[in-house]
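Letter by letter, the chains look like this.
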Amino acid sequence: MSDREFGGNDDLSLPKATVQKIVTEILHADPGMTFAKDTRDLLIECCVEFITLISSEANEIAEKDAKKTIACEHVKTALEDLDFGEYVPAILEVAADYKKTQANREKKQTKIEQSGMTEEELIRAQEELFRSATDKFNAGPQ
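Every value quoted in this text rests on a predicted model; they were computed, and no experiment measured them.

K.L.:
What's the story with helix H3 (residues 72-81) in this structure? I'm lost.
P.N.:
At 3.6 residues per turn, the α-helix brings residues three or four places apart onto the same side. For H3, the full list of buried residues reads His74, Lys76, Ala78 and Leu79. Packing partners of the buried residues in H3 comprise helix H2 (37-64) and helix H4 (88-104). At the C-terminal side of H3, Asp83 shows a positive phi close to 65 degrees.

K.L.:
Would you explain unusual backbone geometry in this entry?
P.N.:
Note: most peptide bonds trans; most residues except glycine with negative phi. Positioned with a positive phi, Ala66 is a non-glycine residue whose angle comes to about 60 degrees. The topology assignment puts Ala66 in the loop between H2 and H3. Even without being a glycine, Asp83 presents a positive backbone phi close to 65 degrees. Within the secondary structure, Asp83 is located in the loop between H3 and H4. Residue classification places Asp83 among the exposed positions, given a relative accessible area of 63%.

About the criteria used
- Residue positions are given per chain, counted from 1 along the sequence in the order it is written.
- Per-residue local features of the predicted model are confined to residues with pLDDT of at least 70, and side-chain atom pairs are confined, for both listing and counting, to 80 or more; whole-chain, interface and lining totals are unaffected and use all residues.
- The side-chain quantities take in all heavy atoms of the structure and omit both hydrogens and water.
- Three labels apply to residues, based on accessible area from a 1.4 Å probe with only protein chains included: buried if under 20% of the type maximum, exposed if over 50%, partly exposed otherwise in between.
- Numbered from the N terminus, helices here are DSSP runs of H or I no shorter than four residues, and strands are runs of E no shorter than two.
- Any pair of residues with heavy atoms lying within 4.5 Å of one another is described as a contacting pair.

None of the figures reported here should be taken as evidence of function without further support.
Printed below as a string of C-alpha cells:
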C-alpha cells in the first residue's frame, strides 16, 4: 500500500528523535556500531508503511464485524492474516500491560473535587456569581 491510497499524506511519519533513541538503545550493546541518518529515515518510512498496512487491514476486519472502533482483536487478526503471526504474542503482552497500567493509574480529580468545597458551597458561590453578573448587566454601560 502506498501513501497515495491514503490521500498522499506526506505528513505521515514518526518522531525522528524517538526512533533515534530506540536505535541508540539497541546499538548500545554493540559499541562502535553507528546508524546513519538516511538509514534512520528509511527505517521510519518502513515503520510507517507497516503501521499503515496493519491498520488498514484491521480497519477492514472491524468494518466486516460492523464495528466503528478498531480493537486489539482486529489488530491481532490483521497480523495473522498478513502472515505476521509471530508478533501476536508480543502485542497481546503489551496490550495486557497497558490495561494493567490504565487500571492502576490514579484517576484525575475534577475541578469540583479540586476546589475542596462541598456541593452546597459551590452552588451558593455560583448563585452569587450569577447575581453579580445580573447586577452588572442591569446597571448598563457606565
